[in-house]
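A closer look at the structure
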2 protein chains.
Amino acid sequence: MLQSKDLYPSRQGREETQLPRWDPVVYSNTDAPTGPLSSQQLRDYERDGFLILPDFLNHHVEPILRDMPRLKQSLRGREELVLEPDSDELRTIFNPVGFSEAVASCFRDDKVLDIVEQLLGSAVYHMQSRINIKPPLKGRAFNWHSDFETWHVEDGMPRMRALTAWIMLTDNHQHNGPLYVIPGSHKDYISCSGLTEADNYKTSLRQQTLGVPGTEIMKFVLQDRDIRPITGRPGTLVIHECNLLHASPDNLSGDARSIAMCVYNSVENVPQAPFSGLEPRPEFLSAREVRPLRPASPKAA
Amino acid sequence: MLQSKDLYPSRQGREETQLPRWDPVVYSNTDAPTGPLSSQQLRDYERDGFLILPDFLNHHVEPILRDMPRLKQSLRGREELVLEPDSDELRTIFNPVGFSEAVASCFRDDKVLDIVEQLLGSAVYHMQSRINIKPPLKGRAFNWHSDFETWHVEDGMPRMRALTAWIMLTDNHQHNGPLYVIPGSHKDYISCSGLTEADNYKTSLRQQTLGVPGTEIMKFVLQDRDIRPITGRPGTLVIHECNLLHASPDNLSGDARSIAMCVYNSVENVPQAPFSGLEPRPEFLSAREVRPLRPASPKAA
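**So, the overall build of chain A**
Scanning chain A from terminus to terminus reveals eight helices and 13 strands. Computed over the C-alpha atoms, the radius of gyration of chain A is 18 Å, within 12% of the 19 Å expected from 2.2 N^0.38 for a compact globule of 301 residues. Once the C-alpha set of chain A is aligned to its principal axes, its extents read approximately 45 × 45 × 40 Å. The 301 residues of chain A split such that 59% are buried. Contacts in chain A between residues at least 24 apart in sequence constitute 86% of all its contacts with a sequence separation of at least 6. Taken as a whole, chain A presents about 12100 Å² of accessible surface, with 49% of it coming from carbon and sulfur. Computing the positive centroid from 33 side-chain charges and the negative centroid from 40, chain A places the two 2 Å apart.

Next comes the structure, spelled out in C-alpha cells:
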C-alpha cells in the first residue's frame, strides 16, 4: 500500500500536542451552494463542525427499529457485536449497512447523499456503519476523542475529508447519554501520546484508551470552548465532521438511547497503509474498497 | 447496642422491592413556620426532597478553599482520604469538620442550624462530613442510591430523620458532574438486594455496589419522575433529604467541581446496632456519639 507524508502524526511514542488542520471543512462552494444546504448552514458547519436537522429522516426510524431484534439474533457471537465494558449489555452493532436493508436504504437515501456530497465536494462511499445502543441506567460514558485520529493512525485515512451522518432512533435527551460535542474543536488536530498495538480494536471498541487526548490538553481546549449536548427526537439527522471532539456521558435515565451512524469518506480520500505501520483494522470497521455510492452529481463538483 | 424492629429492611438476601416510607419529611409545623424557612419552602422540601439556597454561604467559600491544601497534606495516608476508582486523583476527604476550623465553622453556622433544626424538628448533631472533589475530565460518575439505605443497614440509623446540607465551593454546572436528584423519590424506600460484608466501606467509598437499586426498579421509579441536575454558584447551600435518590455523572469538563457536605441527624434518631448485624462503620464515616450542636431552639420544638 502507498503511503504519503504523515500530515497528522499521532501516538508512536510522541508527546501530546496540538497541530494545525491542513484541510478545509466544507469542500464545496459556501457562497453559491451546490446542494440542499444553504450558505448559512454551510457556514455553521464550517464554524461548529456539526449540523442538526430535526424531522429529517422520520420515515426510516420504524423500519430500522423493527429490524433490530433480527439483526442482534443473526449476528450473535460475531465480532460485529460489541458489549458494554462493565456488563454484558449490547453496546454496538457494526456494519448494519451490510446486514439490514432498512439501515442500508437510510444511508443510501438521496436526501442524505445530497448533503454529504455537498459537504465533501465529491462522490462518497460508506467507510463504516454502526448502531449504538445505550441501555437505560447501564450505558457507559466514553471520553473525548476525534474519530479522524483513529481512522488516520489505524486505518490510513490520509486527510480530513470524511464525516459521520447519524439518525436518532429514540429520543436523545439530556440524561440518556446523548452525544456531547465541542463546537469548533475540529479546527485543530490533537496528536496523542501512546503506542498502538496490533489488534488494538479488540479492546478499544469496548473502552477506548488510545487516541484519547489527556487531561491537560483537554483542559486547554475547553478553556475557551463550550460543551454542547446533541438532543432531539427520533428521525433527527445529525452530521458531524470527522475531527470534531466528542464524548458521551453515562445513561443515568430509564430510557434507552439508540442511534444508527454511517461514516462517509470522499472517494478522493483513498485509504493508505495505516500510519501506525500496523495492519489495517478489519473490513467491518473500515471498508478499504472505494466504491462510490453514486456518481458525483455535477452540482457537487 | 439496642435494636428496634427493622422498618426499612434491605440487603441480607432479600429481593429488591419498593417499601413505604413510615416517617415524615418535615418534622416541624409547615403551616406556621418555626424557623427561617417559609411555608412554601417547607412544602417544596416535603414534595421534592431538596432545597437550593443561592448566595447563602458565600463568606465560607474562601476560608474552606484556602484550607484544602493543608488538609490534603495533613491527612496523607489516612483512611479519611479516598481516591477515584480508576485513577489516583483525590475524590473525598472525610470528617473535615474534625480537621478544619473553616469547615467546622461553616457547618456550625447558626444560619445553617436554624434551617436544619426547623426541618428535623429537634436539636441535631454532625453524623458525617466530607469534601467531594471531582477533578476535571477524571471525576467519575456514581449510581443512583439513597444515603439512608446505607446509614440504616451499615450504621444503624433507625428512622428517616436526617439530611445532608452542602455548600458549593466551585461552580456546579451541567458538565462538571453536578449532583443529579429525582424529585419526590424520597417518598418511597427501595429495599435492595445483595449481602453486606464486613468492612464493605473499604471498597464502597471508591465505588458503591451494595445499596444501589438495580436497573428494573430504577426504570420503574423513573417512569413517572424526572431527573434534575443541581447547579449553582459557589456559596450556594443545598439541603437534601436522607432518602432522596441521587447520582452524579462523570465530569467531562475542564473545571473541577468541589463541594463540602455535612450530614445532620436528629438527636432523637439515636443510632442503634447496624441492621446488617455487622459492626458499625468507623467513627469518621458515622459518628455514634449524639452530642447536640446546640440546645434545640424553642422555636424548632
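**Focus: the pattern of salt bridges**
All names here are of chain B. Under the criterion given, the structure shown has 38 salt bridges over all chains. Two residues, Asp 23 and Arg 159, come together in a salt bridge whose shortest N-O distance is 2.7 Å. Residue Asp 23 is found in the loop between β1 (17–20) and α1 (39–48), and its partner Arg 159 is found in the loop between α6 (147–155) and β7 (162–168); the two are separated by 136 residues along the sequence.

**As for the state of the cysteines**
Residue and element names in this part refer to chain B. Taken as a whole and assessed by the stated rule, the structure comprises zero disulfides over all chains. In this model Cys 242 remains outside any disulfide bridge; the closest cysteine sulfur is found in Cys 262, 14 Å from its own. Cys 242 sits in the buried class, given a relative accessible area of 1%.

**Points about helix α1 (residues 39–48) of chain A**
In an α-helix there are 3.6 residues to a turn, and that puts residues three or four apart on one side. When α1(A) is considered as a whole, its buried residues turn out to be Ser39(A), Leu42(A), Tyr45(A) and Asp48(A). In this fold, the buried residues of α1(A) make contact with β2 (50–53), α5 (110–120), β7 (162–168) and β11 (237–241) of chain A.

**Concerning the interface of chain B and chain A**
Across the boundary between the two partners, chain B contributes 23 residues, which contact 23 residues of chain A. Roughly 1800 Å² of surface becomes buried between chain B and chain A when both sides are summed, with 67% attributable to carbon and sulfur atoms. Summed over the three residues of chain B that lose the most area to chain A, namely Leu137(B), His175(B) and Leu252(B), the buried surface amounts to 33% of that side. Where chain B touches chain A, the interface holds zero salt bridges. Elements with a contribution of two residues or more to the side of chain B that touches chain A: β6 (142–145), α8 (215–223) and β12 (246–248) of chain B. Tallying contributions element by element places α8(B) first for the side of chain B that touches chain A, with four residues.

**With respect to the side chain of Arg257(B)**
All names here are of chain B. By the element assignment, Arg 257 lies in strand β13 (residues 257–266). Take Arg 257: its relative accessible area is 3%, and that puts it in the buried class. Within the structure, the side chain of Arg 257 is placed 2.9 Å from the side chain of Asn 172, a separation counted as a polar contact. Discounting chain neighbours no more than four positions away, the residues touching Arg 257 are Asn 132, Ile 133, Lys 134, Trp 166, Thr 170, Asp 171, Asn 172, Asn 176, Gly 177, Pro 178, Leu 179 and Asn 251.

**Things to note about the nonpolar core**
In terms of nonpolar packing, the biggest core is built from 42 residues, with Phe107(B), Leu119(B), Leu163(B) and Tyr264(B) touching the most fellow members. Leave out the neighbours within four places in its chain, and Tyr264(B) touches Phe107(B), Val112(B), Leu113(B), Val116(B), Leu120(B), Val124(B), Tyr125(B), His126(B), Ala162(B), Leu163(B), Ala165(B) and Leu293(B).

**Comments concerning the relation of the copies chain B and chain A**
For the pair chain B and chain A, the best superposition has an RMSD of 0.0 Å and corresponds to a rotation of 180 degrees with a translation of 0.0 Å parallel to the axis. Accordingly, the operation relating the two chain copies is best matched by a two-fold axis. Considering only C-alpha atoms, the part of chain B nearest the rotation axis is Pro249(B), at 3.3 Å. The share of interface residues of chain B whose copies in chain A are also at the interface is 100%, consistent with both copies meeting through the same surface.

**Overview of α1(B)**
Of all the residues in α1(B), the buried ones are Ser39(B), Leu42(B), Asp44(B), Tyr45(B) and Asp48(B). Phi turns positive, to about 90 degrees, at Gly49(B), one or two residues after α1(B).

**Describing the sheet that holds strand β10 (residues 228–230) of chain A**
All names here are of chain A. Read across the sheet, four strands follow the order β6-β12-β8-β10 without closing on themselves; strand pairing throughout is antiparallel. Every other strand in the sheet has two partners, leaving β6 (142–145) and β10 as the edge strands with one partner each. On average, each strand axis in the sheet is tilted by 25 degrees relative to the strand beside it, whichever way the strands run. Alignment of strand β8 (residues 179–181) against β10, held across three bridges, turns out to be antiparallel.

**Re the environment of Arg140(B)**
Relative to the helices and strands, Arg140(B) resides in the loop between β5 (124–134) and β6. In this structure the C-alpha to C-alpha distance between Arg140(B) and Gly156(B), which are 16 residues apart in sequence, comes to 28 Å. Leave out the neighbours within four places in its chain, and Arg140(B) touches Asn143(A), Glu84(B), Pro85(B), Asp86(B), Arg91(B), Lys134(B) and Asp250(B). Polar contacts involving the side chain of Arg140(B) include one to the side chain of Asp250(B), which spans 3.4 Å.

**With respect to the environment of Thr231(A)**
All names here are of chain A. Take Thr 231: it is sitting in the loop between β10 and β11. The exposure class assigned to Thr 231 is partly exposed, which follows from its relative accessible area of 35%. Considered as a pair, Thr 231 and Leu 179 are 52 residues apart in the sequence and their alpha carbons are 7.7 Å apart. The residues touching Thr 231, leaving out its near neighbours within four places in the chain, are Met 168, Asn 172, His 173, Gln 174 and Pro 178.

**Observations regarding the packing of aromatic side chains**
Here the structure, examined in full by the defined rule, presents 10 aromatic pairs over all chains. Arranged with centres 6.4 Å apart and planes meeting at 75 degrees, the rings of Tyr201(B) and Phe284(B) form a pair that is edge-to-face. Residue Tyr201(B) is located in helix α7 (residues 201–204), and its partner Phe284(B) is located in the segment after β13; the two are separated by 83 residues in the primary sequence. The class of Tyr201(B) is buried, set by a relative accessible area of 8%. By the ring-pair criterion, three or more aromatic residues cluster together here, those being Tyr8(A), Phe148(A) and Tyr189(A). In this structure, Lys111(B) packs its charged tip against the face of Phe56(B), placed 4.3 Å from the ring centre.

**Digging into the side chain of Arg91(B)**
As for its placement among the helices and strands, Arg91(B) is situated in strand β4 (residues 90–94). Filtering out sequence-adjacent residues up to four positions away, Arg91(B) remains in contact with Val82(B), Leu83(B), Glu84(B), Pro85(B), Ile131(B), Asn132(B), Ile133(B), Arg140(B), Ala141(B), Phe142(B), Leu205(B) and Arg206(B).

**Focus on the sheet that holds strand β2 (residues 50–53) of chain B**
Residue and element names in this part refer to chain B. As summarised here, the arrangement of the seven strands in space is β2-β11-β7-β13-β5-β4-β3, forming an open sheet in which the pairing is antiparallel. In this open sheet, the two strands that pair with only one neighbour each are β2 and β3 (81–83). Adjacent strand axes in the sheet meet at a mean angle of 20 degrees when their direction is disregarded. Along the sheet face, α1 touches β2, β7 and β11 (237–241) and points at about 135 degrees away from the line of β2. Helix α5 (residues 110–120) rests against β2, β5, β7, β11 and β13 of the sheet, and its axis sits at about 50 degrees to β13.

Cut-offs used in this document
By convention here, each chain's residues receive numbers from 1 onward along its written sequence. Chains carry letters from A onward and ligands carry numbers from 1 onward, assigned in written order. Reporting of local features is limited, given that this is a predicted model, to residues whose pLDDT is at least 70; pairs of side-chain atoms are given and counted only at 80 or more, and all residues count toward the totals for whole chains, interfaces and linings. As a convention, hydrogens and water are excluded, and side-chain values are obtained from all of the structure's heavy atoms. The way it works is that DSSP assigns letters per residue, a run of H or I at least four long becomes a helix, a run of E at least two long becomes a strand, and they are numbered from the N terminus. For the radius of gyration, the atom set is restricted to C-alpha positions; the globular benchmark scales as 2.2 Å times the number of residues to the power 0.38. Exposure classes here rest on a 1.4 Å probe applied to the protein chains alone. A residue is buried below 20% of its type maximum, exposed above 50%, and partly exposed in between. We call two residues contacting when some pair of their heavy atoms lies within 4.5 Å. With residues, only the protein chains shown are counted as cover, and all accessible areas are computed by Shrake-Rupley using a 1.4 Å probe. His is not counted here, nor are the chain ends, while Lys and Arg score as positive and Asp and Glu score as negative. Charge positions are represented by NZ for Lys, CZ for Arg, CG for Asp and CD for Glu. We count a salt bridge whenever a side-chain nitrogen from Lys or Arg sits within 4 Å of a carboxyl oxygen from Asp or Glu. Cysteine sulfur atoms that come within 2.5 Å of each other are treated as a disulfide pair. Simply put, the buried area is the total loss of 1.4 Å probe accessible area from both parts when two parts are fitted together. Whenever two N or O atoms come within 3.5 Å, that pair is a polar contact, provided that in protein one can donate a hydrogen and the other can accept it, and provided that, for residues adjacent in sequence, both atoms are side-chain atoms. In this text, buried Ala, Val, Leu, Ile, Met, Phe, Trp, Tyr and Cys residues form a nonpolar core when linked through side-chain atoms within 4.5 Å. Here the copies were fitted onto each other by least squares, based on C-alpha atoms from residues at pLDDT of at least 70 in both. Two strands pair if DSSP finds at least two bridges between them. As a rule, the C-alpha atoms of each element are fitted with a line to give its axis, helices using only the stretch in contact, and angles between N-to-C directions run from 0 to 180 degrees. Two rings from Phe, Tyr or Trp (for Trp, the six-membered ring) form a pair when their centres are within 6.5 Å of each other. A pair whose planes differ by under 30 degrees is stacked, one over 60 is edge-to-face, and the rest are tilted. Two limits define a charge over a ring: the Lys NZ or Arg CZ must be within 6 Å of the ring centre, and within 35 degrees of the ring normal.

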